[in-house]
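Fold and geometry: a report
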Amino acid sequence: MTDLALFREETRDWLETNCPPEMRKPMTPHGMTWGGRNCKFSHPDQELWLKRLGEKGWTAPTWPKEYGGGGLNYDENKVLAEEMANLGTRMPLASFGLWMLGPALLEYASEEQKMEHIPKIIKGEIRWCQGYSEPGSGSDLASLKTKAVEDGENYIVNGQKVWTSYANECDMIFTLVRTGAQEPKHEGISFLLIDMDQSGVETKPIKLISGASPFCETFFTDAVVPKKNLIHKLNKGWDVAKNLLQHERKMLASMGLGGSKAASKGKTGSGLATLSKKYVEVKEDKIVDEGLRQKIAKCDMNSHAFSLTLKRVSEEAKNSNNGPSAATSIFKLYGSEHNKQKYEIMLEAMGSQALGWEGGEFGPEELAITREWLRTKANSIEGGTSEVQLNVISKRVLDLPQ
Amino acid sequence: MSLVLSETAAFLQDQTQRFAREKTPTSHFRSVRDSENPECFDREIWKQMAEQGLSGILIPEEYGGSNFGLSGIGVVLQELGRTLTPSPLFATAVLGVSLITKLGSDEQKKKYLPEIANGNLTCCFAFEEGPRHNPNVSEVTAEKNGDKFLINGKKFFVVDGSFADVIIIAAKSSKGSSLFLVDKNSEGLEIKEAKMVDSRNSANMIFTNVEINSENILGEIDNAQDTIEEVLDIARAAISAEMLGGALEAFEITINYLKEREQFGVKIGSFQALQHRAANMFTELELCKSCVLESLSCFEEKSNDVPRIVSLAKAKVGETFHLISNEGVQMHGGVGVTDEYDIGLYLKRARVAEQIFGNSEFHRNRYAELTGY
Ligand SMILES: Cc1cc2nc3c(=O)[nH]c(=O)nc-3n(C[C@H](O)[C@H](O)[C@H](O)COP(=O)(O)OP(=O)(O)OC[C@H]3O[C@@H](n4cnc5c(N)ncnc54)[C@H](O)[C@@H]3O)c2cc1C
């Protein structure tokens, strides 16, 4: 037996033994584990699952073992993902630490910083949020003004961040702050890790069109940050930010394939069509409205083509060992635009039944679609707008003139 | 499934790329087009392609080919598509070879395949019966007459039809579809050249009591439909590869123009309105590459999802080549609509290739059907 086949067998056994029964059922709306000091579990199996996987390092399967990661190579990681999918196990931990901060720390942090922060990310002990955007600095992020000044062993931070996702539930925030001149704007920025459990940090939730309040304004008033929390060099934070942004975009891109449970598709079936069929005229299993049918097919084909492309690019990257590149912008762009389209088609098929807010004759699944549809509008804004992605592709990939 | 090229395919791609750049750049296409040559391709070039083994890529080794498979011929077509190389490769080495290899008797294979491999024999597949693709043969009939068959009816838009030595025709027989090998000089066969906008060879054919001997029946009578569908999918994957090559080249030509042409004192490529459209096209091309690779390799991997994957590729590449050929012309401004610039040649080729064995709408429809809606 090859090493990989052996690994598959061991992995399957391990998962079979260690994945608690509840964690083999499909995800529920409140079933996601986000970790952190005040982590809430809606079922005890969630805690058990996180603990077991965290100890094995399999919440971050490819990260180095010395920091508590799984230490798996590309092929082993793929096997693990396949075996988890086969068993239908839930994602153990959703985390900005895993998706964004961790990869950047692995690249830029000192040994001491890695030892301090990475194991806690892997085990889900600290929940992180991202403090980049400010009221005056969105797409033009490098114009940010939140200021950090030296004060003995500390930095003192003052300023305001905005759109800080989940800030009110998080323990720590990774931020971009100005430590140098305002111009040239990219060169006076540093990357700081700030503990939110202090009086100098306050958060205020913002209500969205979907009715949810997943993000906040975050205010810093003489917040105290030990100097050891500076990542990379002073005034070189933009390098870290760029690197991290690529990881963020990669993560956001893959979301384009997820989307509504109602429309998630089986191997060859079409979730979009199955959903639509409940609302539109169907004859001999065919959707009668030819226009709608073509739109659904086009959308399904785009999903299909997109997932093949994610697969192709990861196969190509396998040997080159590069992290996410400018090509990630393609995925961020396509994934978010595609997801928006998918929801517009659902709305078209469902008619007014997809436009309910509460009560009435609306089923919970229908109400969820309404909110999810509104949520998708943020897909092409968060993590850099679609226009910004198009700029990146034009300039960095196609090398078009400035 | 593998979405990266095998070593063999990478080698063939390299070799063909060099060949196309040296021997058949678009100026070659232009010279064939503007010559009086009614065949619309250059026999000398075809001979050289055969010497390089390109005509035999799908032919089993015992009949003089290399059997490198569809992925092999796919990358070749892609590279030739970049320079709009006119050649019998698609109709002869993909369609003809696939039909003969799958259904031919040993005798027929011995007779035709080695001759195709060495570049001496060309064929075509007379299939369509109207201006829009229809995978079911309905009008042209084959009637049994003693131990012979009589063929009657009209075939349209037969690729390479006006010069092919051997015509493989699909006809309706008493209980199904059947295929026959027809000599181009047969009595009762009228071949009318149908000059297309892309200046490639195409013909309409009228069959009036064309007599077929039993040794020229290809496969079993009444039983060809499954193979026809299989070969149509092979051909669709192959033409998608050619279209991808054309789309990639048209895109690169356009990007180069954006970096070179100046207006308002700056390069036009600095205008965001053009940049964003270019970036969108680039993204679509990345998706097309994956679809084409998958559609070429799914046959060899015996996927049970072949028809859906092929429709995905043909539709996606069709949409993208369509988009890029239109945008390419627009972004060139006035010179884009002149014959002197190449971009317009890709526009013409795109539209003709889009129609071959089903346009994007046809394939979206088929994809929907195969997915159950
Ligand atoms: C759901 C969600 C979660 C988020 N979470 C976080 C978070 O956790 N942490 C965080 O720091 N930030 C977060 N953000 C903020 C996000 O990164 C910004 O909203 C985004 O970068 C855009 O900035 P802006 O909102 O100021 O829009 P603006 O930059 O003001 O853009 C307005 C419009 O102008 C366009 N535009 C701007 N510049 C250009 C240009 N150069 N060329 C062409 N068009 C241009 C934009 O594309 C957009 O259409 C989140 C946003 C959302 C929607």
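Residues numbered from 1 in each chain as written. Chains lettered and ligands numbered in written order. Predicted model: local features only at pLDDT ≥ 70, side-chain atom pairs only at ≥ 80, totals over all residues. Heavy atoms only, no water.

Overview of the packing of aromatic side chains
How two aromatic rings sit relative to each other is given by the distance of their centres and the angle of their planes. Across all of its chains, the model carries 22 aromatic pairs over all chains by this definition. The interplanar angle of 35 degrees and the centroid separation of 6.0 Å between the aromatic rings of Phe156 of chain B and Phe157 of chain B together place this pair among those described as tilted. Residue classification places Phe156 of chain B among the partly exposed residues on the basis of a relative accessible area of 22%. Note on Phe157 of chain B: relative accessible area 32%, which makes it partly exposed. Aromatic side chains Phe251 of chain B and Phe282 of chain B sit 6.3 Å apart centroid to centroid with 35 degrees between the ring planes, which places their arrangement in the tilted category. You can see Phe251 of chain B sitting in helix α7 (residues 225–258) and its partner Phe282 of chain B sitting in helix α8 (residues 272–300), a full 31 residues away along the chain. Comparing Phe251 of chain B with Phe282 of chain B shows no difference in burial state: the two are buried. Members of the aromatic cluster, connected to one another through ring pairs, are Trp34, Phe96, Trp99 and Tyr166 of chain A. (Phe/Tyr/Trp six-rings, centres within 6.5 Å; stacked < 30°, edge-to-face > 60°. Buried < 20%, exposed > 50% of the residue type's maximum accessible area, 1.4 Å probe, protein only. Helix = DSSP H or I, 4+ residues; strand = E, 2+ residues; numbered from the N terminus.)

Observations concerning the environment of Asn120 of chain B
Residue and element names in this part refer to chain B. Within the element layout of this structure, Asn120 appears in the loop between α6 (106–117) and β1 (123–126). When the C-alpha positions of Asn120 and Gly56 are compared, they lie 12 Å apart, and in sequence the two are 64 residues distant. Each residue touching Asn120, except ones within four places of it in the same chain, is listed here: Lys47, Glu115 and Asp165. Within the structure, the side chain of Asn120 is placed 3.0 Å from the side chain of Asn118, a separation counted as a polar contact. (Contact = heavy atoms within 4.5 Å. Polar contact = N/O pair within 3.5 Å; in protein donor to acceptor, adjacent residues only side chain to side chain.)

Some remarks on the confidence of the model for chain B
Low pLDDT means the predicted coordinates in that region are not meant to be read closely. Across chain B, the average pLDDT comes to 96, with 99% of residues at or above 70. As scored by the predictor, the complex reaches a pTM of 0.92 and an ipTM of 0.94. (pLDDT = per-residue confidence, 0-100.)

Some details on the interface of chain B and chain A
Listed as interface residues are 45 residues of chain B and, on the opposing side, 42 residues of chain A. A buried area of about 3700 Å², summed over both sides, lies between chain B and chain A, and 63% of it is on carbon and sulfur atoms. Counting across the interface, chain B meets chain A through three salt bridges. Residues Lys286 of chain A and Glu369 of chain B are paired through a salt bridge, measuring 3.1 Å at the closest nitrogen-oxygen approach. Of all the secondary-structure elements, those providing two or more residues to the side of chain B that touches chain A are α7, α8, α9 (306–332) and α11 (360–371) of chain B. Sort the elements by how many residues they give to the side of chain B that touches chain A and α8 of chain B lands first, with 16 residues. (Buried area = accessible area lost by both parts, 1.4 Å probe. Salt bridge = Lys/Arg side-chain N within 4 Å of Asp/Glu carboxyl O.)

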